Amino acid sequence: MSERLKITAKTVVLALVALNVLFFVYARISLDNRAGAASRIEDLQINPGRITLLNAATRGPGGQAPKSACLEWGPFGAIDAGRAEVALGRLALPRPALQRTVGESAGAKRYAYYVREPDAGTVAQIAELQRSFTGTEIKAGPCPS
């Protein structure tokens, strides 16, 4: 039985040596292929000639007019919307604020006001007004059509 163990141990050792030799050859041939990587360097870099536009721009020359930025203030119930409109009227805005319906709550319509292209002073004044209307918030975004 000890003779059989010696043969099995020799077979295992020879198999491990063979695997080490095969791994060494594989590592030298395929893993250290820097010449191949250097020849493909152009494929790895951004090539501006291969960049294509999927959709045409809608801003700038040749496109549609850009959407203007708005300050959205709301939501208001019907009663508060009237008070907010009066308060916005006192600000003497260059363009009047737009009132839009933004949904319903408990069966009553909710409204928001949009101020086009506000300057920093107008934003500060609206923020001051917003403090007296609880439950409302101010957001920036594109103006509604």
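Scope of this entry: the structure provided in the associated data block. (Residues numbered from 1 in each chain as written. Predicted model: local features only at pLDDT ≥ 70, side-chain atom pairs only at ≥ 80, totals over all residues. Heavy atoms only, no water.)

1. Quick look at the sheet that holds strand β1 (residues 69-76)
Strand pairs in the sheet, formed through backbone hydrogen bonds, run parallel or antiparallel to each other. How we decide: When DSSP finds at least two bridges between two strands, those strands are taken to pair. In DSSP terms, a helix is any run of H or I states spanning at least four residues, a strand is any run of E spanning at least two, and both are numbered starting from the N terminus. Simply put, an axis is a line fit to the C-alpha atoms, just over the touching stretch for a helix, and the angle between two N-to-C directions goes from 0 to 180 degrees. Two residues qualify as a contact provided that any one of their heavy atoms is within 4.5 Å of a heavy atom in the partner residue.
If you walk across this open sheet you meet the four strands as β2-β3-β1-β4, and the pairing is antiparallel. Taken across any chain shown, the strands that pair with only one partner, and hence form the sheet edges, are β2 (98-105) and β4 (137-142). Neighbour to neighbour, the strand axes of the sheet diverge by 30° on average, direction disregarded. Running at roughly 20° to strand β3 (residues 108-116), helix α4 (residues 78-90) makes contact with β1, β2 and β3 of the sheet. Docked against the sheet, helix α5 (residues 120-130) engages β1, β3 and β4, running at close to 5° with respect to β1.

2. Re the nonpolar core
To keep it simple, the criterion reads: Side-chain atoms within 4.5 Å are what join buried Ala, Val, Leu, Ile, Met, Phe, Trp, Tyr and Cys residues into a set we call a nonpolar core. Only protein chains enter the accessibility calculation, which uses a 1.4 Å probe. A residue is then buried if its area is under 20% of the maximum for its type, exposed if over 50%, and partly exposed in between.
The biggest cluster of nonpolar side chains holds 15 residues, and the ones touching the most others in it are W73, F76, L88 and I126. Secondary-structure elements contributing two or more residues to this core are β1, α4, β3 and α5. Looking at this core, the element that brings in the most residues is α4, giving four residues.

3. Side note on the state of the cysteines
Rule in force here: Cysteine sulfur atoms that come within 2.5 Å of each other are treated as a disulfide pair.
Tallying each qualifying case throughout the model produces one disulfide. Across a sulfur-sulfur distance of 1.7 Å, C70 and C143 are joined as a disulfide pair. Measuring the twist about the S-S bond at about 95°, one finds the C70-C143 disulfide to be right-handed. With C70 in strand β1 and C143 in the segment after β4, this pair connects stretches of sequence that are 73 residues apart. For the pair C70 and C143, one class covers both residues: buried.

4. Considerations on the environment of R131
The line we're drawing: Pairing of N or O atoms within 3.5 Å defines a polar contact, subject to two protein rules: one partner must be a possible hydrogen donor and the other a possible acceptor, and residues neighboring in sequence count only if both atoms are side-chain atoms.
Structurally, the position occupied by R131 is in the loop between α5 and β4. Here R131 falls in the exposed class, since its relative accessible area comes to 59%. Of the polar contacts made by the side chain of R131, one reaches the side chain of E128; its length is 2.8 Å.

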